[in-house]
Amino acid sequence: MIPGAVLGWDMGAALALSQALGINTLIAAELLPEIEAVMVRKLNEQMEGGRDG
């Protein structure tokens, strides 16, 4: 854990949500890490920008 930074998602919860939504869990397991990486990077960029100004 790093204060003021997003490190990643709870993939167990993300896969459970995808299953609850009727999304194929094998497809979700393939796609979620890529989506997570982009989301984490963008959120951290936004939080860093908010601290600067």
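The structure presented is a predicted model; accordingly, all values stated were derived computationally and were not measured.

Colleague: Can you tell me about helix α1 (residues 11-20), naming the residues and giving the values?
Modeller: Capping the start of α1 is the job of one residue whose side-chain oxygen sits 3.1 Å from the backbone nitrogen of glycine 12: aspartate 10. Where α1 ends, the next residue or the one after it, glycine 22, has phi of about 85°, a positive value.

Colleague: Break down the environment of glycine 12 for me, with residues and values.
Modeller: The topology assignment puts glycine 12 in helix α1. Residue classification places glycine 12 among the partly exposed positions, given a relative accessible area of 48%. C-alpha separation for the pair glycine 12 and alanine 29, spaced 17 residues apart in sequence, amounts to 9.8 Å.

Colleague: Talk me through a nonpolar patch on the surface; I want residue IDs and the actual numbers.
Modeller: A cluster of nonpolar side chains, Trp9, Ile27, Leu31 and Ile35, forms an exposed patch at the surface whose accessible area comes to about 370 Å². Looking at where isoleucine 27 falls in the secondary structure, it is placed in helix α2 (residues 25-52).

Calculation criteria
- Residues numbered from 1 in each chain as written.
- Predicted model: local features only at pLDDT ≥ 70, side-chain atom pairs only at ≥ 80, totals over all residues.
- Heavy atoms only, no water.
- Polar contact = N/O pair within 3.5 Å; in protein donor to acceptor, adjacent residues only side chain to side chain.
- Helix = DSSP H or I, 4+ residues; strand = E, 2+ residues; numbered from the N terminus.
- Buried < 20%, exposed > 50% of the residue type's maximum accessible area, 1.4 Å probe, protein only.
- Patch = residues over 30% accessible without salt bridge, like charges linked within 9 Å, V, L, I, M, F, W, Y side chains within 5 Å.
- Areas by Shrake-Rupley, 256 points an atom, 1.4 Å probe, with all protein chains shown as cover.
- Salt bridge = Lys/Arg side-chain N within 4 Å of Asp/Glu carboxyl O.

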